[in-house]
Amino acid sequence: MSHSAEPKPMTAHKSGALTGEAAVPGDKSISHRALILGALAVGETTITGLLEGEDVIDTAKAMRAFGATVTRTGEGAWTVHGVGVGGFSEPEGVIDCGNSGTGVRLIMGAMATTPITTTFTGDASLSRRPMARVTDPLALFGSEITAREGGRLPVTIKGTTDPVPVRYKTPVASAQIKSAILFAGLNAPGETVVIEAEATRDHTERMFTGFGADIRTEVTAEGHVITLKGRPELRAQSVAVPRDPSSAAFPVAAALIVPGSEIRVPGVSRNPTRDGLYVTLLEMGADITFENTREEGGEPVADLVVRHGPLKGVSVPADRAASMIDEFPILSVIACFAEGPTVMNGVAELRVKESDRIEAMAVGLRANGAHVEDTEDTMTVHGTGGLKGGAEAVTHLDHRIAMSFLIAGLASEQPVSVDDGSPIMTSFPDFLPLMQRLGATIS
Ligand code: S3P
């Protein structure tokens, strides 16, 4: 477990108008992928804007354990000397991925078609999460896998000497499953194919192309069919990591719900496979403008200008869930400050994130005076234009639950507390000072 074992209670108080610039950290998904691809490429990959949160640092340590040379050269600036596809060496110790589902699942894929044995562990949250969704398809390549009851960590993978390519239809919309298979497919001969019923974030595909792999996506009657030609020579790249739209969601939400606010959030990724929250907020009537739209590091980015204003509840369709899967906790907070119900459909995957996010948000928001209903795969927040507050929420080692309740407290009548803010270090180490600079009162 990487973040401090000491719980860190935090409280957010009703704040005056938030103003200024919120330069949020680099994208977590792209940061993990940049390190892993750098480790699998030949030559020196340079990365700027890397998210230096605990999740990504755990991936950097893992890449060192597999034989890559990973060096921090400045703030967010890293170099990776890769070992080439199939070049991972066997780590001497266990690979501890801390709190990171993305880290562990992608790294499992990256090593499963190399003849080395690796044991993966993680913190209490990660040890509760399902891994069979990734280890089942990885076994099809020929690797041998043992796991704890229910396919949980610790997991040991004996990578195969003789991988065979795989054709796999993902049972749930998950970029982590897709990406684990594609990383494994890099060292399998022939073509590895992943079929997704619904598109999920496509950073792996974009970055594989950037590093020189032959990968293509076709939309057919089966869905999104992604085909990767195995055994490419990946060429080292310069990767400029755009800012994370999932982290941007927290200051954006704060500006939307705290009266009088106006903030600017520069250089945020607007990748359409990550854009669902922003589409939803515009439907709710949010005052957000996208300026200076451009391309950086193979991703579309824009500067966001966000102003407080009235919001109305909306119904979020199930087919949008994948493009905003990490943003439902903060949307459920924003929905309390809108008028009318906001219905979130097709969100069952939230139950297997760092915590059961439907349960964690429903319980915490109800304790703070909201009317929330939930089923296995929906959550409905009956917005009344405000929130009473006054209660402590339990964060269950989940960074996004912690940040969501702290944002809620900035606009609630009474302060809102969280039992433990320490998981915020996994994805947004600068959250507290950044929010304080905008004018938020968080202690
Ligand atoms: C991620 C994919 C998503 C998301 C996670 C990051 C990724 O998980 O929740 O935070 O980088 O591929 P699933 O693909 O399992 O939904």
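Just above sits the structure.
Conventions adopted
- The residue numbers shown here count from 1 along each chain, following its written sequence.
- With the structure being a predicted model, the display of local features is reserved for residues of pLDDT at least 70 and the display and counting of side-chain atom pairs for 80 or more, all residues being used for whole-chain, interface and lining totals.
- Excluded from the side-chain calculation are hydrogens and water; included are all heavy atoms of the structure.
- DSSP bridges decide pairing: two strands pair if at least two such bridges lie between them.
- The secondary structure listing takes helices from DSSP runs of H or I that are at least 4 residues long and strands from runs of E that are at least 2 residues long, numbered from the N terminus.
- Between two residues, a contact is recorded if the distance between any of their heavy atoms is within 4.5 Å.
- Fitted lines through C-alpha atoms give the axes, limited to the stretch in contact for helices. The angle between two N-to-C directions lies from 0 to 180 degrees.
- Here a pair means two rings of Phe, Tyr or Trp (six-membered ring of Trp) with centres within 6.5 Å. Their orientation is stacked below 30 degrees between planes, edge-to-face above 60, and tilted elsewhere.
- Burial here depends on accessible area, computed with a 1.4 Å probe over protein chains only, as a share of the maximum for the residue type. Under 20% is buried, over 50% is exposed, and the range in between is partly exposed.
- For a lysine, the NZ atom is tested; for an arginine, the CZ atom; a charge sits over a ring if that atom is within 6 Å of the ring centre and within 35 degrees of the ring normal.
- We place a 1 Å grid over just the protein atoms. Points where a 1.4 Å probe fits but has no way out form a cavity, open points with protein on both sides within 12 Å along at least 5 of 7 lines form a pocket, and any residue with an atom within 4 Å of a point lines it.
- Grid points are joined across faces, edges and corners, and a volume is the space filled by probe spheres set on the points.
- Any residue that is not Ala, Val, Leu, Ile, Met, Phe, Trp, Tyr, Cys, Pro, Asp, Glu, Lys or Arg is counted as polar, Gly included; the first ten are nonpolar and the last four charged.
- Domain start and stop positions are those given by an automatic or database domain assignment.

Side note on the sheet that holds strand 18 (residues 315-316)
Part 1: Spatially, 18-19-21-20 is the arrangement adopted by the four strands of the open sheet, whose pairing is mixed. One side of each edge strand has no neighbouring strand; the edge strands of this open sheet are strand 18 and strand 20 (371-374).
Part 2: Of the pairings in the sheet, the one linking strand 20 to strand 21 (residues 378-384) comprises four bridges and is antiparallel in character. Looking across to strand 21, one finds that Glu373 is bridged to Thr380.
Part 3: Docked against the sheet, helix 11 (residues 357-367) engages strand 20 and strand 21, running at close to 155° with respect to strand 20.

Concerning the packing of aromatic side chains
For any two aromatic rings, the description comes down to two numbers: the centre-to-centre distance and the angle of the planes.
Part 1: This model, assessed by the stated rule, comprises five aromatic pairs.
Part 2: Here Phe66 and Phe88 contribute two aromatic rings whose centre-to-centre distance is 4.6 Å and whose plane-to-plane angle is 20°, an arrangement assigned as stacked. Taken together, the residues span a long stretch of sequence, with Phe66 in the loop between helix 2 (54-65) and strand 4 (69-74) and Phe88 in the loop between strand 5 (77-83) and strand 6 (95-96) at a distance of 22 residues. Summarising the burial analysis for this pair, Phe66 and Phe88 share the class buried.
Part 3: Through a chain of ring-to-ring contacts, three or more aromatic side chains come together here, namely Phe250, Phe428 and Phe431.
Part 4: The positively charged end of Arg270 is found above the aromatic ring belonging to Phe290, 3.6 Å away from the centroid.

Section: the layout of surface pockets
Where empty space is left in the structure can be found by rolling a water-sized probe over the atoms.
Part 1: In this structure, the largest pocket encloses a volume near 620 Å³.
Part 2: Considering the residues around the largest pocket, the lining is formed by 41 residues, among which Ala173, Ser174, Ile325, Glu349 and Lys353 are closest to the centre.
Part 3: Examining the composition of the lining of the largest pocket, we find that four residues originate from one element, helix 1 (residues 28-40), more than from any other.
Part 4: When grouped by side-chain class, the residues that make up the lining of the largest pocket number 12 nonpolar, 12 polar and 17 charged.
Part 5: There is about 390 Å³ of room inside the second largest pocket.
Part 6: Along the walls of the second largest pocket sit 20 residues, with Val24, Pro25, Gly26, Leu50 and Arg243 positioned nearest its centre.
Part 7: Classifying every residue of the lining of the second largest pocket gives 11 nonpolar, four polar and five charged.
Part 8: Summarising the domain contributions, the lining of the second largest pocket has at least three residues from each of domain 1 (10-26 + 243-442) and domain 2 (28-158 + 179-185).

Remarks on helix 11
Part 1: Those residues of helix 11 not exposed but buried are Arg357, Ile358, Ala360, Met361, Ala362, Gly364 and Leu365.
Part 2: Close packing links the buried residues of helix 11 with helix 10 (328-336), strand 20, strand 21, strand 22 (392-393) and helix 12 (399-409).
Part 3: Where helix 11 terminates, the next one or two residues include Gly369, which has phi positive at roughly 100°.

It is worth stressing that arrangement in space is one thing and function is another; only the former is reported here.
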